[in-house]
Amino acid sequence: MTRTRPTSTTTEAESYMRLALAADVFHTKSTPFTRTTTEDHALDSYQNLLFSIARFHEYTGRYPVKITVVGYEFKRARFTDLHRLALRWPMEKFHYIGVDPDASHHPTVEEGEVSLYAANPRPDR
């Protein structure tokens, strides 16, 4: 399970769900909101994508028509060129929304992403 912190007992998915409920993103005060679900077993970004597709199928009985991932801009290539391709998901049905990290993030995180990606060149799309 992806945890927000090593000492936390809350998964990343659970913390985002709590945030969404607190911010009234779903415009309802009922809990649980029946049109949302979380995936709490992924350990890395590839599993986040793969298991979320599986969870969607488990929850709706069908696979998604399109996928939108929201994440840091510096992780775009990882999702678009590696994970999406590994899953053989069509590019025209995949959208990545990149956001820039705030000033408090440590630049070595981004440098690590770039060096990891450089060590594993982008395959043909």
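Residues numbered from 1 in each chain as written. Predicted model: local features only at pLDDT ≥ 70, side-chain atom pairs only at ≥ 80, totals over all residues. Heavy atoms only, no water.

Draft legend 1. View of the overall build of the chain. The helix and strand tally for the chain stands at four helices and two strands. Moving toward the C terminus, one meets the helices and strands of the chain in the order α-α-β-α-β-α. Burial statistics for the chain: of 125 residues in total, 26% are counted as buried. Roughly 9,000 Å² of accessible area belongs to the chain as shown, and the carbon and sulfur atoms make up 56% of that amount. (Helix = DSSP H or I, 4+ residues; strand = E, 2+ residues; numbered from the N terminus. Buried < 20%, exposed > 50% of the residue type's maximum accessible area, 1.4 Å probe, protein only. Areas by Shrake-Rupley, 256 points an atom, 1.4 Å probe, with all protein chains shown as cover.)

Draft legend 2. View of the layout of surface pockets. In this structure, the largest pocket spans a volume of roughly 1,600 Å³. Around the largest pocket sit 40 residues that line it, and Tyr 16, Asn 48, Ser 52, Thr 68 and Val 70 are the ones nearest its centre. When contributions to the lining of the largest pocket are tallied by element, the ones reaching two or more residues are α1 (12-22), α2 (45-60), β1 (67-72), α3 (76-86) and β2 (94-99). A per-class count over the lining of the largest pocket returns 19 nonpolar, twelve polar and nine charged. (1 Å grid on protein atoms, 1.4 Å probe; cavity = no way out; pocket = protein on both sides within 12 Å on 5 of 7 lines; lining within 4 Å. Points joined across faces, edges and corners; volume = space filled by probe spheres on them. Nonpolar A, V, L, I, M, F, W, Y, C, P; charged D, E, K, R; others polar.)

Draft legend 3. Structural detail: the packing of α2 against α3. Contact geometry for α2 and α3: axes closest at 10 Å, N-to-C directions at 55 degrees. When the axes of α2 and α3 are compared, the pair comes out oblique. Every pair of crossing elements has a handedness; the one defined by α2 and α3 is right-handed. Every residue of α3 that contacts α2 at Ser 45, Tyr 46 and Leu 49 is listed here: Arg 78, Phe 79, His 83, Arg 84 and Ala 86. Grouping the constituent residues of the contact of α2 with α3 by class yields four nonpolar, two polar and two charged. (Axes fitted to C-alpha atoms, helices over the stretch in contact; angles between N-to-C directions. Parallel < 35°, antiparallel > 145°, perpendicular 65-115°, else oblique. Left-handed = near helix turned anticlockwise from the far one by under 90°. Contact = heavy atoms within 4.5 Å.)

Draft legend 4. View of the pairing of β1. Sheet topology places β1 next to β2; six bridges connect them, and they run parallel. For Tyr 72, the partnering residue across the bridge sits in β2 and is Val 99. In the classification by handedness, the crossover that spans β1, the intervening α3 and the parallel β2 is right-handed. (Pairing = 2+ DSSP bridges. Right-handed = clockwise from strand over helix to strand, strands pointing away.)

Draft legend 5. Examining the nonpolar core more closely. Leu 49, Ile 53, Ile 67, Val 69, Phe 79, Trp 89, Phe 94 and Tyr 96 together form the largest nonpolar core, which totals eight residues. Residue assignment for this core shows that the elements contributing at least two residues are α2, β1 and β2. Beyond its immediate chain neighbours, meaning those up to four positions away, Phe 94 contacts Leu 49, Ile 67, Val 69, Phe 79, Thr 80, Arg 84 and Trp 89. (Core = buried A, V, L, I, M, F, W, Y, C linked by side-chain atoms within 4.5 Å.)

Draft legend 6. Main features of the pattern of salt bridges. In this structure the tally under the stated criterion is two salt bridges. The closest approach of N and O atoms between Glu 58 and Arg 55, which form a salt bridge, is 2.6 Å. Taken together, the residues Glu 58 and Arg 55, both in helix α2 and three residues apart, mark about one turn of the helix. With a relative accessible area of 58%, Glu 58 lands in the exposed category. A salt bridge links Arg 76 to Glu 73, with the shortest nitrogen-to-oxygen separation between them at 2.8 Å. What makes Glu 73 partly exposed here is its relative accessible area of 30%. (Salt bridge = Lys/Arg side-chain N within 4 Å of Asp/Glu carboxyl O.)

Draft legend 7. Examining α3 more closely. Looking only at α3, the buried set comprises Arg 78, Phe 79, Thr 80, Asp 81, His 83 and Arg 84. Of the residues one or two after α3, Arg 88 is the one with positive phi, at around 60 degrees.

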